[in-house]
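Close look at the chain arrangement
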Amino acid sequence: MTDDAYLFLVDDPATPLGTSVAAVGDLACLETPAVQAWLDAHEVTAASAGIRLLPPEETGAIPDGAEKLPVPLSDEELDRLRRALAPGALARVEQELLAYRDCAGDRDALLARAAAAGVPPHRIVELTGEEPRTVASAAAPQGQGRPSDPGPRQL
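Everything numeric here is computed off the predicted structure, so don't read it as measured data.

We now examine the environment of V21. Positionally, V21 belongs in helix α1 (residues 21-24). Judged by its relative accessible area of 4%, V21 is buried. The contacts of V21, once residues within four sequence positions are left out, are L7, L27, L30, A46 and I51.

Structure (structure tokens):
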């Protein structure tokens, strides 16, 4: 996973992937020479319907071969981006959490991704059946450790 958000081009403006730059508001990176050159090279503006933006945790969804550009966002800009995506992003993550109950997937990565997407810890507990301390530990920044024994799962 990268630490940068990505601007990318979509062929069909009706594509539900990402959000428009306009939905996020003013972004400092749009004034940089690199972004201006990229937009000019593709003969688009930041307001174009075919320009989309995704946060770092969602950039794996960008289609292969899509024209894309990594852009650094401030914490405040990243929060605005995540809020602009919240209905779709939260629904996708919640669906994964429900599916998690029936599989052994990578628990810590999924729980951390759900927390990073803004799913409240109590909702993660409800959707996964995991213990609150397990969710809190998995959602904690790296370096603070993980429980070696997560205990029994409650469904």
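By the secondary structure assignment, V125 is in helix α5 (residues 121-128). Classification of V125 as partly exposed rests on a relative accessible area of 21%. Along the primary structure V125 and L111 are separated by 14 residues, whereas in three dimensions their C-alpha atoms are 9.5 Å apart. Residues within four places of V125 in sequence aside, it is in contact with E130, E131, P132 and V135.

What follows concerns helix α2 (residues 33-41). Of all the residues in α2, the buried ones are V35, W38 and L39. Take α2 and look down its axis: the buried residues cluster within an arc of 95°, on one side only. In α2, the exposed positions angled more than 90 degrees off the buried face are occupied by P33, D40 and A41. Along its buried surface, α2 packs onto β1 (5-9), β3 (51-54) and β4 (68-71). Once α2 ends, the next one or two residues include E43, with phi positive near 55°.

Spatially, the four strands line up as an open sheet ordered β2-β3-β1-β4, and their pairing is antiparallel. Edge positions in the open sheet fall to β2 (19-20) and β4, since each of these has one partner strand only. As judged from the four bridges shared by β1 and β3, these two strands associate in the antiparallel manner. Bridge pairing links F8 to R52 in β3. Relative to β4, α2 is tilted by about 165°, and along the sheet it contacts β1, β3 and β4.

Rules of the game
Residues numbered from 1 in each chain as written. Predicted model: local features only at pLDDT ≥ 70, side-chain atom pairs only at ≥ 80, totals over all residues. Heavy atoms only, no water. Helix = DSSP H or I, 4+ residues; strand = E, 2+ residues; numbered from the N terminus. Buried < 20%, exposed > 50% of the residue type's maximum accessible area, 1.4 Å probe, protein only. Contact = heavy atoms within 4.5 Å. Arc of directions from axis to C-beta. Pairing = 2+ DSSP bridges. Axes fitted to C-alpha atoms, helices over the stretch in contact; angles between N-to-C directions.

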